[in-house]
Amino acid sequence: ILNFIVSYRMLKKNLLLICLIFFTSCTGYEPIYNNSNSRIYVQDVTYKDNTNISRQIAKKINSLYSKDDNSTKVSIELNSSNEEYILSKDKQGDPLIFEIKINVEMSLFFNEMSKKFTFEEKKSFNNQENKFELQQYKKNIESNLIESIFEKIIFSLNEI
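Caption draft 1: Examining the overall build of the chain more closely. On a plain count of helices and strands, the chain comes out with 3 helices and 4 strands. Starting at the N terminus, the α and β elements of the chain follow one another as α-β-α-β-β-β-α. Burial statistics for the chain: of 160 residues in total, 29% are counted as buried. Surface exposure of the chain reaches about 11,500 Å², of which carbon and sulfur atoms provide 53%.

Following this line, the structure appears as structure tokens:
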């Protein structure tokens, strides 16, 4: 019993030491979408098409870069497309593998200059027998691809 008590105290001390080291090493945390050091202000975001993709990206950009404090004023124009392909079929001709591809073209206008960026993300996935679950899965994939493109847009805007 004495050995158990001694080993329990040692385990408790070691666990406390590990926790202390872990919590003190997390001091350099900074959010990914932190725009406190941003040098740009997005005046307006327009989109040529009326797709859900462009609206979601425009909403995120407006919420992130809406602070005007003597920054470079930027206007953004978005054009997006969403395509779905059948990559393979079975012997009966039913689709087996799909691919969703999202393209976003972004034009930046600032200081009488303009830059154009193109972003593309795609994802392949298998067909499912339950069509409702398949549609939900497609929406989830589309949402993840939009988020990935948005991250690339943020990195591009921070490079200006």
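Caption draft 2: Seen up close, the environment of T72. Relative to the assigned elements, T72 resides in strand β2 (residues 72–89). For T72, a relative accessible area of 26% translates into the label partly exposed. In this structure T72 touches R39, I40, Y41, F110 and N111, once residues within four positions along its chain are discounted.

Caption draft 3: Spotlight on helix α2 (residues 52–64). Taking 1.5 Å per residue, 13 residues should reach 18 Å; α2 reaches 19 Å between its end C-alpha atoms and fits that length. Turning to α2, its buried residues number three or more, namely I53, S54, I57, A58, I61 and L64. The buried side chains of α2 occupy one side of the element, clustering within an arc of 135° when seen end-on. Facing away from the buried side of α2 by more than 90 degrees, the exposed set consists of K59 and S63.

Caption draft 4: Main features of the sheet that holds strand β1 (residues 40–47). What the 4 strands build is an open sheet, ordered β1-β2-β3-β4; its pairing is mixed. In the strand order of this sheet, the two ends are held by β1 and β4 (113–126), each with one partner. Within the sheet, the average angular offset between the axes of one strand and its neighbour, ignoring direction, is 25°. Seen against the sheet, α2 touches β1, β2 and β3 (95–110) and runs at an angle of roughly 145° to β2. Running at roughly 150° to β4, helix α3 (residues 131–158) makes contact with β1, β2, β3 and β4 of the sheet.

Caption draft 5: Structural detail: the pattern of salt bridges. Summed over all chains, the structure comprises 4 salt bridges. Between E121 and K152 there is a salt bridge, with its nearest N and O atoms 2.3 Å apart. Of this pair, E121 sits in strand β4 while K152 sits in helix α3; the two residues are 31 residues apart in sequence, bridging distant segments of the chain.

Caption draft 6: Region of interest: the packing of aromatic side chains. On inspection of all chains with the given rule, the structure shows 3 aromatic pairs. Between F125 and Y137, the ring centres sit 5.7 Å apart and the planes meet at 75°, which makes this aromatic pair edge-to-face. You can see F125 sitting in strand β4 and its partner Y137 sitting in helix α3, a full 12 residues away along the chain. Overall, the relative accessible area of 4% leaves F125 in the buried class. By way of ring pairs, the aromatic residues F98, F125 and Y137 are connected into one cluster. Here K60 stacks its cationic end above the ring of F150, 5.3 Å away from the centre of that ring. The aromatic ring of F98 is capped on one face by K138, whose charged end is 4.9 Å from the ring centroid.

Basis of the calculations
Residues numbered from 1 in each chain as written. Predicted model: local features only at pLDDT ≥ 70, side-chain atom pairs only at ≥ 80, totals over all residues. Heavy atoms only, no water. Helix = DSSP H or I, 4+ residues; strand = E, 2+ residues; numbered from the N terminus. Buried < 20%, exposed > 50% of the residue type's maximum accessible area, 1.4 Å probe, protein only. Areas by Shrake-Rupley, 256 points an atom, 1.4 Å probe, with all protein chains shown as cover. Contact = heavy atoms within 4.5 Å. Expected span 1.5 Å × (residues − 1). Arc of directions from axis to C-beta. Pairing = 2+ DSSP bridges. Axes fitted to C-alpha atoms, helices over the stretch in contact; angles between N-to-C directions. Salt bridge = Lys/Arg side-chain N within 4 Å of Asp/Glu carboxyl O. Phe/Tyr/Trp six-rings, centres within 6.5 Å; stacked < 30°, edge-to-face > 60°. Lys NZ or Arg CZ within 6 Å of the ring centre and 35° of its normal.

Treat this as a map of the structure, not an account of what it does.
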